[in-house]
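Observations on chain architecture
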Amino acid sequence: MATEAIEDQRREIYEIAEALAPTWEARRDDIERVCAPVREWMLRELAPREGDTVLELAAGTGDTGFEAAALVGEGGRLIASDFSPAMLEACRRRGAELGARNVEYRIIDAERIELEDHAVDGVLCRFGYMLMADPAAALVEARRVLRPGGRLALAVWGALERNPFFGIVAISLVQHGHLPPPEPPGPPAFSMASAERTSGLVAGSGFGEVRTEEVSVAFEIPDVDEYLSVVADTSGPIGLALRGLSDPDRAEIRAEAEDSLARFAAERGYALPGVVLCAVAS
Ligand SMILES: C[S@@+](CC[C@H](N)C(=O)[O-])C[C@H]1O[C@@H](n2cnc3c(N)ncnc32)[C@H](O)[C@@H]1O
């Protein structure tokens, strides 16, 4: 990607993070309910030990990192970081709520980490790399700050067609002209869905061993209004497009979403499957 395009994408992702931070924080419980299997996979594979220093990149409200903070104990340290000040403030509030004392909060751009070489024992990044304009540069940075033998655990969304939670409303919004059709190679949120591409990116960034695994998640949604509301609160450009709809446009998208959701009808509302690609590297 040309330098100018990289800067444009970085600015856009930054602005979206700043705009979404309040609702992302308000939806923390919902997000963690869906993403708990991913968080658990990442912590199991990172396997932090007492006394370790763990860096969480693109932390959002930080729940993945806070679990690492508990595992490394008082003698260890978590550096919870994000490039969005609004997200980092939300993370700080969550840390205070949990009473986490071994945490340092820092604004860090994962593509240019302001830490010494070999400064940390482990790096966590859940749903971050796929949004970055230059994930290869960010992965080189993660390798640089990791001590030799240190591990990186990451998670990115699987393919859009295997994640109907996003696909259902995204397709309607594009078809009705409320969201521009994604430019090749596709929407950033799904840019690392291929295990081959992700393994290649990680291996090409200086990691010797890479292993990927798909982790299934489940979205349990009581009704179509709650569905649209969670998407609007948490889902980047799709969410912002939904928020900007007029009442008649919203009614049209709502009707289409209701039709599409019907095939996921469950005992209470809807149950949507989802797929996350996780990777561990050292
Ligand atoms: C989808 S949210 C995920 C938040 C959290 N990791 C989670 O799993 O709940 C993406 C986060 O990545 C952050 N982010 C995107 N690009 C970044 C970059 N280059 N450096 C640091 N943070 C970044 C955003 O600010 C946002 O908080």
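Residues numbered from 1 in each chain as written. Predicted model: local features only at pLDDT ≥ 70, side-chain atom pairs only at ≥ 80, totals over all residues.

**Describing the overall build of the chain**
Secondary structure assignment for the chain yields 10 helices and 7 strands. Its C-alpha atoms give the chain a radius of gyration of 19 Å, within 12% of the compact-globule value 19 Å for 282 residues. Summarising its shape, the C-alpha atoms of the chain cover approximately 55 × 40 × 30 Å along the three principal directions. A buried classification covers 45% of the 282 residues belonging to the chain. Counting only contacts in the chain whose residues sit at least 6 apart along the sequence, the fraction spanning at least 24 positions is 79%. (Helix = DSSP H or I, 4+ residues; strand = E, 2+ residues; numbered from the N terminus. Rg over C-alpha atoms; globule rule 2.2 N^0.38 Å. Buried ≥ 20, exposed ≤ 12 C-beta atoms within 10 Å, placed from the backbone. Contact = placed C-beta atoms within 7 Å.)

**Re the sheet that holds strand S7 (residues 270-281)**
A sheet is described by the order of its strands in space; here 7 strands give the open sequence S3-S2-S1-S4-S5-S7-S6, paired in mixed fashion. Where the open sheet ends on each side, the last strands, each with one partner, are strand S3 (103-107) and strand S6 (210-221). Averaged over all neighbouring strand pairs, the angle between strand axes comes to 20°, with direction disregarded. Across 12 bridges, S6 lies against S7 in antiparallel orientation. Directly across from Ser 216, in S7, lies its bridge partner Val 275. (Pairing = 2+ DSSP bridges. Axes fitted to C-alpha atoms, helices over the stretch in contact; angles between N-to-C directions.)

**Focus: the site of the ligand**
Taken together, 19 residues sit near the ligand, with Ala 17, Ala 58, Gly 60, Phe 83 and Ser 84 positioned nearest. Class assignment of the residues belonging to the shell around the ligand gives a composition of 12 nonpolar, 3 polar and 4 charged. (Near = placed C-beta within 6 Å. Nonpolar A, V, L, I, M, F, W, Y, C, P; charged D, E, K, R; others polar.)

**Here's the deal with the packing of helix H8 (residues 224-234) against helix H9 (residues 236-243)**
What describes two packed helices is the angle between their axes and the distance between those same axes. Their axes nearest at 6 Å, the elements H8 and H9 cross at an angle of 120°. The orientation of H8 relative to H9 falls into the category oblique. Judged by the twist between their axes, the crossing of H8 over H9 is left-handed. Between H8 and H9, the contacting residues are Leu 228, Val 231, Ala 232, Asp 233 and Thr 234 on the first element and Ile 238, Gly 239, Leu 242 and Arg 243 on the second. When grouped by side-chain class, the residues that make up the contact of H8 with H9 number 5 nonpolar, 2 polar and 2 charged. (Parallel < 35°, antiparallel > 145°, perpendicular 65-115°, else oblique. Left-handed = near helix turned anticlockwise from the far one by under 90°.)

**Considering the packing of helix H6 (residues 164-175) against helix H10 (residues 247-261)**
It is the contact of H6 with H10, at a shortest axis distance of 10 Å, that shows an interaxial angle of 140°. With respect to H10, the element H6 is oriented oblique. Every pair of crossing elements has a handedness; the one defined by H6 and H10 is right-handed. For the pair H6 and H10, contact is made by Ile 168, Val 169, Ser 172 and Leu 173 and by Ile 253, Glu 256, Ala 257, Ser 260 and Leu 261, respectively.

**Concerning H6**
Between the first and last C-alpha of H6 there are 16 Å, a value that for 12 residues agrees with the 16 Å anticipated at 1.5 Å per step. By the burial criterion, the buried members of H6 are Pro 164, Phe 165, Phe 166, Ile 168, Val 169, Ala 170, Ser 172 and Leu 173. The inward-facing, buried residues of H6 contact S6, H8, H9, H10 and S7. Two residues or fewer past H6, Gly 177 is found with a positive phi of approximately 75°. (Expected span 1.5 Å × (residues − 1).)

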